[in-house]
Amino acid sequence: MRFKDQVAIITGAAKGIGRSISLTLVEEGAKVVPVDVDSEALRSLQAEIEKRGGQALPFTCDISKRSAVERMVEQGLKVFGRIDLLVNNAGIIRRGTIETVSEEDWDRVIAINLKGTFNCCKAVVGPMKRQRSGKIVNVSSIAGKSGDITSAPGYGSSKAGADALMKTLARQLAPSGIRVNAVAPHAIETEMSAQWSDEKRREVIAGIPLGRLGRPEDVAEAVLFLASDAASFITGEILDVNGGALMD
Ligand SMILES: NC(=O)c1ccc[n+]([C@@H]2O[C@H](COP(=O)([O-])OP(=O)(O)OC[C@H]3O[C@@H](n4cnc5c(N)ncnc54)[C@H](O)[C@@H]3O)[C@@H](O)[C@H]2O)c1
């Protein structure tokens, strides 16, 4: 078991990629703090974790609210005593162009995808520094590297911002034994991609050399690799999980 008795916070854990990351971490021995705004889906995840013999402390929290994030981290520390891993996975997407996107949509995407990531990193750094160890893995996106024609401009911007935040923290926290990395998925089968029309789906697959959409487990395995001791000399890295759609 790669994460036996380690404590992991996973944001956006209730569905899609975050759910898969949470369950994979539990299978690998971690105790988890799944965080989400969707309490009902969190309850269903908790039931699944307990069915598998794992331990979870689900926390309903909007990561764009700094005080709520701080309460969540305090609670995790109180119950489990340490924090070994933070997975910044929660994210939202909006569709549109610079002409059609509203200021409210721009603000909300930045507030969750970028500031929410900042809030969570800020809250775990103290405990990780005291432990002199810790790992942070962000779930970014291909859109942060190459831009994207269908998502509203805030989405790729928020992911590029989070990538720069990740690299800054990787530099600043390396002397404290904390590694900070990201994965950059493309076209993973979740509720986010379920909104696509059949035509859009065919078009997306045509652009992927491996000829299929990704699965949440593909992302989970990449996250676990970066968080594991196998990656102990890796920090400040963005690992593509995109079937070859972008080779940079
Ligand atoms: N699905 C894809 O194709 C794809 C591709 C590239 C990157 N990503 C990234 O992967 C991550 C997960 O995406 P997904 O496809 O699993 O999405 P999803 O919509 O299935 O799940 C996202 C989860 O985040 C939660 N969430 C939303 N706002 C929140 C907030 N303010 N606080 C806490 N939780 C919140 C949602 O309730 C949901 O459970 C996102 O950051 C997304 O940008 C997804």
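Throughout what follows, the structure given in this document is the object of discussion. (Residues numbered from 1 in each chain as written. Predicted model: local features only at pLDDT ≥ 70, side-chain atom pairs only at ≥ 80, totals over all residues. Heavy atoms only, no water.)

1. Quick word on the site of the ligand
- Around the ligand, a shell composed of 25 residues is seen, among which Asp36, Asn89, Tyr155, Ile188 and Thr190 lie nearest.
- For the ligand, whose free accessible area comes to 830 Å², the fraction covered by protein is 93%.
- Breaking the shell around the ligand down by element, the ones donating at least two residues are helix H1 (16-27), helix H6 (153-173) and helix H7 (191-194).
- Looking at the shell around the ligand, its residues break down into 13 nonpolar, 7 polar and 5 charged. (Near = heavy atom within 4 Å. Areas by Shrake-Rupley, 256 points an atom, 1.4 Å probe, with all protein chains shown as cover. Helix = DSSP H or I, 4+ residues; strand = E, 2+ residues; numbered from the N terminus. Nonpolar A, V, L, I, M, F, W, Y, C, P; charged D, E, K, R; others polar.)

2. Description of the side chain of Ser158
- Within the element layout of this structure, Ser158 appears in helix H6.
- The exposure class assigned to Ser158 is buried, which follows from its relative accessible area of 0%.
- Side-chain polar atoms of Ser158 contact the backbone oxygen of Tyr155, separated by 2.6 Å.
- Ser158 has contacts with Val109, Ile110, Asn113 and Leu114, leaving out every residue within four places of it along the chain. (Buried < 20%, exposed > 50% of the residue type's maximum accessible area, 1.4 Å probe, protein only. Polar contact = N/O pair within 3.5 Å; in protein donor to acceptor, adjacent residues only side chain to side chain. Contact = heavy atoms within 4.5 Å.)

3. So, the sheet that holds strand S6 (residues 178-185)
- On the basis of which strands lie adjacent, the open sheet formed by 7 strands has the order S3-S2-S1-S4-S5-S6-S7 and parallel pairing. Looking along the sheet, the strands with just one partner apiece sit at the ends: strand S3 (59-60) and strand S7 (238-241).
- When strand S1 (residues 7-11) meets strand S2 (residues 31-36), the two strands line up parallel, connected through 5 bridges. The partner of Ile9 across the bridge, within S2, is Val33.
- Taken strand by strand, helix H4 (residues 103-131) contacts S1, strand S4 (85-88), strand S5 (134-139) and S6, and its axis lies near 175° from that of S4. (Pairing = 2+ DSSP bridges. Axes fitted to C-alpha atoms, helices over the stretch in contact; angles between N-to-C directions.)

4. Quick notes on helix H3 (residues 66-80)
- Taking 1.5 Å per residue, 15 residues should reach 21 Å; H3 reaches 21 Å between its end C-alpha atoms and fits that length.
- Residues Ala68, Val69, Met72, Val73, Gly76 and Phe80 constitute the buried set of H3. Projected down its long axis, H3 carries its buried residues within an arc of 135°, all on one side. Exposed residues lying more than 90 degrees from the buried face of H3 are Glu74 and Lys78.
- Contacts made by the buried residues of H3 are with S1, S2, S3 and H4.
- Two residues or fewer after H3 comes Gly81, characterised by a positive phi angle close to 85°. (Expected span 1.5 Å × (residues − 1). Arc of directions from axis to C-beta.)

5. So, unusual backbone geometry
- Although it is not a glycine, Arg132 adopts a positive phi angle of roughly 60°.
- Position of Arg132 among the secondary structure elements: in the loop between H4 and S5.
- Phi is positive for Ala187, which is not a glycine, with a value near 50°.
- Structurally, the position occupied by Ala187 is in the loop between S6 and H7.

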